[in-house]
Amino acid sequence: MKTILILGAGTAGTAMAHKIRRKLSSDWEVAVVDPSTKHVYQPGLLFLPFGDETEARIVRERDSTLGKGITWHRTEVKAIDTERRVVEVADGEPLSYDFLIIASGTEIRPDMIDGMLDGGWQKSVFDFYTLEGAKALQAGLASFEGGRLVVNVVEMPIKCPVAPLEFVFLADWYLTKRGIRDKTELVFATPLDGAFTKPLASKTLGYLLEDKGIQVETEFMTGEVDAEKNVIRSYDEREVPYDLLVTIPPHTGARLLEDSDLGDELGFVPTDPHTLAVKGTERVFCIGDATDLPSSKAGSVAHFQVDLLSENLLRVIDGKELEPTFDGHSNCFVETGHGKAMLIDFNYDTEPLPGHFPIPHIGPLPLLKEARRNHWAKLAFRWVYWNGLLPARPIPISPTMSLAGKQLTAAAEAGGE
Amino acid sequence: MTLAVQTDAEGYLANKDDWSEELAKELAQELGIELGDDHWKVLNTARAIESESGSSPGLRKISKRSETPIKAIYKLFPDGPAKLIAKIAGIPKPKSCL
């Protein structure tokens, strides 16, 4: 019996297990290692704080998300030995593998910022990237009666890079519905030089910030949270006061990888951008949020990587060479509030452009443009996630990006790439 | 500037291959920075990470690898180190996906 061992049963790991299980004979064991018994539909965490999503709809028991023919080792990884092809685990015998796929994701690290976990944590300082954080924030928002609501991205890279901005747009809508928008200053503090960093996006989407009256604090690198004074302080000594702080703390890869030779300084795994092979190793691959790739840390990226890596794995098993097929393709809905959303489609080389998706010139979903259809499609995606993406059933979206029907000159006209 | 190179509207190098140490010194001077050893340690680290991973690194990663505290990076490159480092090191502007 040969083994494909997958570390992590999140979006990437679970979809990968199902995809490769369908393609391989029973001579192969497909196994995942994950200590957690729950699977969270993470896009739902954006809506939970506003009461627009429920825990019951976005959390499932892990065993219900893993199909027949997949072994689940419910334990923690302790060490990875890529020379001997063995993974040591906290509970049980070491696991040997023929191919290893690292899909251990990323986690938020509020402990890395001075003062963040002091008195204010989950009282006036919240995250929404964890289930506990999003639930606590729901209560925090419900008792918020106005003042300064600050959303702060501490540092890139983060999971779902547009989620913080979506949160601001949804907060504007939520506060309007509650009748306290005029009593609230909404502030977005970012380490980058703008809420939108690409010329085309700034040009076409800048109106969103203006129309919604959102203040933007740029190049703000948070050094500490002062929970007594209720301010965040940057390394260059600027202060942003808050009544309610929604922070997106720094992200790292799994702790184990941070401390091992496999991870970089932040625990992300140096990965070949096109084959997804882990650099400097053999028979080891990395997918999803765990990589150091410049592609977005997003579920769609994981999905496309799973499609392409499963084909590549079959090639290697057949004694052929890996093909450099992954192009950094990402496809994300961006909630803009008031029942509308945008859809963006991009890869390593091409920034999000206007056009239609998935059928060029037809749609039905418009790209880089607000529409109610996009909002409904985003909400409908939860069903697709549980029933299509995770069990790796076919979804009619190409894993590589298509330029067909996109307005290629738009970026150049805006002074971009 | 005596060395002729193309930059984009925001002052980032248009073509990575145009970069040289001489050019970095000139770019730094224009931004009011005289480059010393500590600056170079940071700049070379940022260039190395960008070349390995394909994206301009955040300050925390630069800080860890170059063993230069973030506070010290702010002293070396005041007024927005992330942008200044990218400009002088000839690597792309730190960006998000939009």
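Counting starts from 1 at the beginning of each chain's written sequence and moves along it residue by residue. Labels follow written order: the first chain is A, the first ligand is 1, and so on. Reporting of local features is limited, given that this is a predicted model, to residues whose pLDDT is at least 70; pairs of side-chain atoms are given and counted only at 80 or more, and all residues count toward the totals for whole chains, interfaces and linings.

Things to note about the overall build of chain A
So, point 1. By definition, any uninterrupted DSSP run of H or I lasting at least four residues is a helix, any uninterrupted run of E lasting at least two residues is a strand, and each is numbered from the N terminus. What chain A contains, in helices and strands, is ten helices and 24 strands.
So, point 2. For this measure, only C-alpha atoms enter the radius of gyration; the expected value for a globule follows 2.2 Å times N^0.38, where N is the number of residues. Here chain A has a C-alpha radius of gyration of 21 Å; the compact-globule value for 417 residues is 22 Å, and the two agree.
So, point 3. By its C-alpha atoms, chain A is 65 × 50 × 40 Å across when sized along the principal axes.
So, point 4. Here the C-beta atoms are placed from the backbone, and a residue counts as buried if at least 20 other C-beta atoms lie within 10 Å of its own, exposed if 12 or fewer do, and partly exposed otherwise. For chain A, buried positions account for 48% of its 417 residues.
So, point 5. A sequence separation of at least 24 residues applies to 65% of the contacts in chain A between residues at least 6 apart. Contacts are defined on C-beta atoms placed from the backbone: any two residues whose C-beta positions lie within 7 Å are in contact.

Concerning the nonpolar core
So, point 1. A set of buried Ala, Val, Leu, Ile, Met, Phe, Trp, Tyr and Cys residues, joined to one another through C-beta atoms within 7 Å, is what we call a nonpolar core. In this structure, Met 16, Ile 102 and Ile 287 of chain A together with Ile 85 of chain B are the most contacted members of the largest nonpolar core, which totals 138 residues.
So, point 2. A per-element tally of this core places helix H5 (residues 163–177) of chain A first, with nine residues.
So, point 3. Not counting the four nearest positions on each side in its chain, Ile 287 of chain A is found in contact with Ala 12, Met 16, Ile 101, Ala 103, Leu 276, Ala 302, Gln 305, Val 306 and Leu 309 of chain A.

Quick word on the domain arrangement of chain A
All names here are of chain A.
So, point 1. Domain delimitation in this document rests on an assignment produced automatically or drawn from a domain database. Per the domain assignment, the segments of chain A are domain 1 (2–44 + 60–108 + 252–317), domain 2 (110–250) and domain 3 (331–413).
So, point 2. Relative to domain 3, the C-alpha centre of domain 1 lies at a distance of 26 Å.
So, point 3. Between domain 1 and domain 3, the contact holds 20 residues from the first and ten residues from the second.
So, point 4. Elements that contribute at least two residues to the side of domain 1 that touches domain 3 include exactly helix H1 (11–23) and helix H8 (299–317).
So, point 5. Per element, the largest residue contribution to the side of domain 1 that touches domain 3 is six residues, and it comes from H8.

Concerning the interface of chain B and chain A
So, point 1. Taken together, the contacts link 22 residues of chain B with 30 residues of chain A.
So, point 2. Taken together, the elements giving at least two residues each to the side of chain B that touches chain A come down to helix H2 (37–53), helix H3 (59–66), helix H4 (70–76) and helix H5 (81–89) of chain B.
So, point 3. Counting residues per element, the side of chain B that touches chain A draws most heavily on H3 of chain B, at five residues.
So, point 4. In this count, Pro and Cys sit with the nonpolar residues alongside Ala, Val, Leu, Ile, Met, Phe, Trp and Tyr, while Asp, Glu, Lys and Arg are called charged and the others, Gly among them, polar. Here the residues of the side of chain B that touches chain A sort into eight nonpolar, six polar and eight charged.

A look at the pairing of strand S21 (residues 330–337) of chain A
Both faces of the sheet carry side chains from a regular strand, because those side chains alternate between them.
Residue and element names in this part refer to chain A.
So, point 1. Among the eight residues that make up S21, seven are buried, leaving the element largely enclosed by the rest of the structure.
So, point 2. Any two strands between which DSSP finds at least two bridges are classified as paired. In this sheet, strand S22 (residues 340–346) lies alongside S21 in antiparallel orientation, the contact comprising seven bridges. Counted as the bridge partner of Cys 332 is Ile 344 from S22.
So, point 3. Two successive antiparallel strands, S21 and S22, enclose a turn made up of two residues, where His 338 displays a positive phi of approximately 50°.

So, the sheet that holds strand S11 (residues 125–126) of chain A
All names here are of chain A.
So, point 1. Strand order in this open sheet of five strands is S11-S18-S12-S13-S14, and the pairing throughout is parallel. Only two strands of the sheet have a single neighbouring strand rather than two, namely S11 and strand S14 (214–217).
So, point 2. Here six bridges tie strand S12 (residues 147–153) to strand S13 (residues 184–189), and the two strands are oriented parallel to one another. Its bridge partner lying in S13, Arg 148 is registered against Glu 185.

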